[in-house]
Amino acid sequence: MYFFVVMGFSTSINAQDLLSTLEKEYPDTPQYEIATFKASRLSVGHSIETRKKGILEIQAFNRYWNIPNYRGQSFIVDKLSARIALEYGISDRLTFGAGGSTLDGIFDGFLKYKLLRQRSNGKGSPISMTLFQNGSYRSKRNRPFVDVNRFDEFGDKLAFTSQLLFARKFTPQFSAQITPTYIHRSSSAFAEDPNNQFAIGIGGRYKLGGHASIVSEYYYVINPLKSINSYDAFSLGVNWELSDVMLQFQLTNTRAMVEDAFITQTPNNFNFKDGNFVFGFNAIFVLHLNQKQL
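Residues numbered from 1 in each chain as written. Predicted model: local features only at pLDDT ≥ 70, side-chain atom pairs only at ≥ 80, totals over all residues. Heavy atoms only, no water.

**Observations concerning the overall build of the protein chain**
The condition that has to hold: By definition, any uninterrupted DSSP run of H or I lasting at least four residues is a helix, any uninterrupted run of E lasting at least two residues is a strand, and each is numbered from the N terminus. Contact definition: two residues touch when any of their heavy atoms are within 4.5 Å.
From N to C terminus, the protein chain includes two helices and twelve strands. Listing the helices and strands of the protein chain from first to last along the sequence gives α-β-β-β-β-β-β-β-β-β-β-β-α-β. Contacts in the protein chain between residues at least 24 apart in sequence constitute 58% of all its contacts with a sequence separation of at least 6.

**Some words on the side chain of aspartate 104**
Stated precisely, the cut-off is as follows: What qualifies as a polar contact is a pair of N or O atoms within 3.5 Å, subject to a donor-acceptor requirement within protein and to the restriction that residues adjacent in sequence count only when both atoms come from side chains.
Inspection of the secondary structure puts aspartate 104 in the loop between strand 3 (94-101) and strand 4 (106-116). Of the polar contacts made by the side chain of aspartate 104, one reaches the side chain of arginine 138; its length is 2.8 Å. Excluding residues that lie within four positions of it along the chain, aspartate 104 makes contacts with Arg138, Ser139, Lys140 and Asn142.

**Notes on the side chain of lysine 112**
Basically, it comes down to this: Working definition: with a 1.4 Å probe on protein chains only, accessible area under 20% of the residue-type maximum means buried, over 50% means exposed, and in between means partly exposed. For the charge count, each Lys or Arg is scored as positive and each Asp or Glu as negative, with His and the chain ends excluded. By definition, a salt bridge exists where a carboxyl oxygen of Asp or Glu is found within 4 Å of a side-chain nitrogen of Lys or Arg.
Relative to the assigned elements, lysine 112 resides in strand 4. It is glutamate 87 that comes nearest to the buried, bridge-free lysine 112 among opposite-charge side chains, at 5.6 Å. Side-chain polar atoms of lysine 112 contact the side chain of histidine 46, separated by 3.4 Å. In this structure the side chain of lysine 112 is engaged in a polar contact, spanning 2.8 Å, whose partner is the backbone oxygen of serine 47. Sequence-distant contacts of lysine 112, that is, excluding residues within four places in its chain, are made with Ser40, His46, Ser47, Ile48, Glu49, Thr50, Arg93, Leu94, Thr95, Thr130, Leu131 and Phe132.

**Regarding the sheet that holds strand 4**
Heads up, the rule is: A pair of strands is treated as paired once DSSP finds two or more bridges between them. Axis definition: a line fitted to C-alpha atoms, limited for helices to the stretch in contact. Angles are taken between N-to-C directions and run from 0 to 180 degrees.
Taken together, twelve strands build a closed barrel; the order of strands is 1-2-3-4-5-6-7-8-9-10-11-12 and the barrel is antiparallel. This sheet shows a mean twist of 20 degrees between the axes of neighbouring strands, independent of strand direction. With seven bridges joining them, strand 3 and strand 4 adopt antiparallel strand pairing. Residue pairing across strands places glycine 100 opposite phenylalanine 107, the latter belonging to strand 4.

**As for the environment of aspartate 147**
Looking at where aspartate 147 falls in the secondary structure, it is placed in the loop between strand 5 (128-138) and strand 6 (158-169). The spacing of aspartate 147 and glutamine 265 is 118 residues in sequence and 9.9 Å in space, taken between C-alpha atoms. Not counting residues within four places of it along the chain, the set of residues in contact with aspartate 147 comprises Arg141, Asn142, Ala189 and Phe190.

**Structural notes on the nonpolar core**
Test applied: Residue types Ala, Val, Leu, Ile, Met, Phe, Trp, Tyr and Cys, when buried and joined through side-chain atoms within 4.5 Å, form a set referred to as a nonpolar core.
Formed by Val44, Ile106, Ile183, Ala199, Tyr219, Val221, Ala233, Ala256, Val258, Ala261, Phe262 and Ile263, the largest nonpolar core amounts to twelve residues. Looking at this core, the elements that each hand over two or more residues are strand 9 (212-221) and helix 2 (259-264). Residue contributions to this core peak at three residues, all from helix 2. Once residues within four sequence positions are removed from consideration, valine 258 is found in contact with Arg83, Ser101, Ile106, Asp108, Asn134 and Ser136. Formed by eight residues, the second largest nonpolar core is a distinct cluster that contains Phe37, Leu42, Phe132 and Val215.

**Focus: the layout of surface pockets**
In this approach, a probe sized like a water molecule rolls over the atoms, and the result shows the empty space that is left. Note the cut-off: A pocket here means an open set of points on a 1 Å grid, computed over the protein atoms alone, that has protein on both sides within 12 Å along at least five of seven lines. A cavity is instead a set of points where a 1.4 Å probe fits but cannot get out; residues with an atom within 4 Å of a point line either one. Grid points are joined across faces, edges and corners, and a volume is the space filled by probe spheres set on the points.
Computed from the structure, the largest pocket encloses a volume of approximately 760 Å³. The element best represented in the lining of the largest pocket is strand 12 (residues 278-288), accounting for three residues.

**A few points about the confidence of the model for the protein chain**
Selection rule: A residue's pLDDT is simply how confident the predictor is in it, with values from 0 to 100.
Across the protein chain, the average pLDDT comes to 87, with 85% of residues at or above 70. Scored below 50 in pLDDT, residues 2-13 shows zero contacts in the model against residues more than four places distant or in partner chains.

**Topic: a nonpolar patch on the surface**
What counts, and what does not: Each patch is built from salt-bridge-free residues with over 30% relative accessible area, joining like charges within 9 Å and nonpolar side chains (Val, Leu, Ile, Met, Phe, Trp, Tyr) within 5 Å. To be clear on the numbers: accessible area is Shrake-Rupley with a 1.4 Å probe, and residue cover counts the displayed protein chains and nothing else.
A cluster of nonpolar side chains, Ile58, Leu86, Tyr88, Ile90, Phe96, Leu111, Phe285, Leu287 and Leu289, forms an exposed patch at the surface whose accessible area comes to about 780 Å². For tyrosine 88, the location among the structural elements is in strand 2 (residues 79-89). By relative accessible area, tyrosine 88 is classed as partly exposed at 33%.

**A look at the pattern of salt bridges**
When charged atoms on two side chains of opposite charge get close, those side chains can pair. All chains considered together, the criterion is met by ten salt bridges. Arginine 51 is paired through a salt bridge with glutamate 57; the nearest N and O atoms lie 3.1 Å apart. Judged by relative accessible area, which is 2%, glutamate 57 ranks as buried. For the salt bridge of arginine 83 with aspartate 108, the shortest nitrogen-to-oxygen distance reads 2.4 Å. Of the two residues, arginine 83 sits in strand 2 while aspartate 108 sits in strand 4, which places them 25 residues apart along the sequence. Ionic contacts of the salt-bridge type, sharing partners, join the residues Asp104, Arg138 and Asp260 into one network.

Dropping the structure here:
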């Protein structure tokens, strides 16, 4: 009897040692949430998503709107603004992007780095967090609106946007994001306007099923400009996935497509009166440049 007790105890110890050895050799692989948002843009602003290494995105963004009592009305809409941009995944966590917009002649470049990734197994971080840093150059005056920047020197036309993007995928259908934002303009044409502005963005995505989802964003500016009447940017839209193409349709009140402009210098409220309605359409094409040849 004593022999069997000793043998059982010895076997138990050996089994525990074996499990410990296996755990060290084959540790648990962290399980991260994927596709919190399916694109690098939630709607009008950036999402937490970065591009995978070697992925190139080609982006074509457009905004269309009418102007009350505008005599030069063209077919369907009075005015449009376009932005062409490229984004490239330097690594799975680091993305570089650059683009140019026709409205205000704004050229910009940015870096995005994913600091934290949400764990899907209940361990580790409950959220994802991405750092965004942008710099923009305004090459022409904002006619017919008031220019809040000086245009005397090159540095007067620069602006910088810093954001921390926090997001959580609550269910396979629903994700939400909050975006504290700091914007610095290098110059101000009016003494009453702050050069440093702060804003909070909130947004969400709800998957309808298949490849379509409803998205919405809102940016609240804590210390708005004084020289012009500006409004908080808002958008409501639908994202539609088609293989390596993402189509985004928006109803919004902002005409600009670069952060320092659309967050702090939106001249219209969100409604259908007096030309305040803006229709947005984004087309995002994904190219896989790092595919290995078989």
